[in-house]
Amino acid sequence: MTRYKQASHAVLRIAPLALAMTMVMACDMIPGFGTPGPEIVEEANQALKDGDWTGAAEQYATLSADHADSVHVAIGQAYIQLLSGDTSAADATLAAVEEIAGEQVGEIKLRRALVALEADDFDAVKLHGAASGLPEGRLLAAEVHLVDLDSDDAASVLRDLVGAGGAVGQTASTYLEMLDDQILGGLAETTALWALGDRNGAVESAEELVKALPDDNDSKAEQTLLWAGRAATSGQPSVANSLLDDLSFPPSGQAWRVQATRAIIAAAEGDGEEAIRIFEVLAEGGAPADGLADARATACALVNDKSIARRLVEDLESSAAARCLSEAGAVKLAPTQAPAGPLKTYLENP
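Residues numbered from 1 in each chain as written. Predicted model: local features only at pLDDT ≥ 70, side-chain atom pairs only at ≥ 80, totals over all residues. Heavy atoms only, no water.

Looking at the environment of Ala 322
Here is step 1 of the chain: Take Ala 322: it is sitting in helix H20 (residues 319-327).
Here is step 2 of the chain: A residue is classified by how much of its surface remains accessible, and Ala 322, at 0% relative accessible area, is buried.
Here is step 3 of the chain: A sequence separation of 25 residues divides Ala 322 from Ala 297, and the C-alpha atoms of the two residues are 8.8 Å apart.
Here is step 4 of the chain: Apart from the residues lying within four places of it in its own chain, the contact partners of Ala 322 are Ala 334, Gln 337, Ala 338, Leu 343 and Leu 347. (Helix = DSSP H or I, 4+ residues; strand = E, 2+ residues; numbered from the N terminus. Buried < 20%, exposed > 50% of the residue type's maximum accessible area, 1.4 Å probe, protein only. Contact = heavy atoms within 4.5 Å.)

Structure below.
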């Protein structure tokens, strides 16, 4: 499944905590700029990996005061600031080291674009993303162009990015294919809006656009399932149901996804028992185990009843299952279903 089909930005548009972790751990990739080198943040980074957020924050506060000119320290401190929700401070910290970042200034610009994304400052996302010169940053800038209805400028950037390969090249190619079609062109703009974080606005726009697709359009069934799932997880289960009701035939071999989405909708509407019933029927019917596990974890994230949450993800070991259990209040069970790593450590020592 492509990055676009999953959530458009599995790499760039991820949860703030994961985004911030990506930012800070990437500091080891930046060559030393004078003294001190990357070793100065090793202890603080280890605290982060161990889930000791408070200890890491204290260490970075001291390091930032003593080494304001360190790129490595600035990246870590920006992470801490982003984690605390202070996007203005995170951006200022990164901006302060741009002049000494050398060849890695593009990576600093990309991080500033990501911080701006968390702050919902699309103009800054476009500015820093383009200035980074990096494929990921330029893709962000192109998506802002799409949201701003500057399809010509977006297409120009996207054409350059097709050759970048990987997820960026594939996503750029998908956008261009959509822009070549009048109806899908509007859906491209909506997809960009989703990728940039405006989920409610994207879902509201997508409902009409997806329904307007001709029944013989090869992508209609897939788009219907995609946006129904997004609607269900964005607090709009009525839109999700409306889209599924408009679906004549599911994609080949994907009938189970329709019912799995119905289960997710039931969870979003507060009917956890119905969600569990549907998932049990799907399991008995031989639905793909991995896909079913993902759907169950998604449904779990939408319920507040810890007993329902527990039943939805029992026997699943995944970060998604552990997080939903924690958020539902099953704090003792959550760490037992988390895979080894920072999340498990954090849940064991909140």
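Brief notes about the pattern of salt bridges
Here is step 1 of the chain: Following the criterion strictly, the structure yields 13 salt bridges and no others.
Here is step 2 of the chain: As a salt-bridge pair, Arg 111 and Glu 107 come within 3.8 Å of each other at their nearest N and O atoms. You can see Arg 111 and its partner Glu 107 sitting in helix H7 (residues 105-118), 4 residues apart, about one turn around the helix.
Here is step 3 of the chain: We note a salt bridge from Arg 262 to Asp 245, for which the minimum N-O separation is 2.9 Å. One end of the pair, Arg 262, is in helix H16 (residues 255-268); the other, Asp 245, is in helix H15 (residues 237-245), with 17 residues separating them in the sequence.
Here is step 4 of the chain: Residues joined in a network through salt bridges with shared partners are Asp 91, Glu 98, Lys 109 and Arg 112. (Salt bridge = Lys/Arg side-chain N within 4 Å of Asp/Glu carboxyl O.)

Looking at unusual backbone geometry
Here is step 1 of the chain: Non-glycine residue Asp 120 carries a positive phi angle of around 60 degrees.
Here is step 2 of the chain: Checked against the element boundaries, Asp 120 lands in the loop between H7 and helix H8 (122-132).
Here is step 3 of the chain: With a relative accessible area of 52%, Asp 120 lands in the exposed category.
Here is step 4 of the chain: Unlike most non-glycine residues, Leu 149 shows phi in positive territory, near 65 degrees.

Examining the environment of Val 331
Here is step 1 of the chain: The residue Val 331 is located in the loop between H20 and helix H21 (342-348) in this model.
Here is step 2 of the chain: Exposure remark for Val 331: the relative accessible area of 53% places this residue in the exposed category.
Here is step 3 of the chain: C-alpha separation for the pair Val 331 and Glu 348, spaced 17 residues apart in sequence, amounts to 8.8 Å.
Here is step 4 of the chain: In contact with Val 331, not counting residues within four places along its chain, are Leu 325 and Ser 326.

By themselves, these are just geometric observations and shouldn't be taken as functional.
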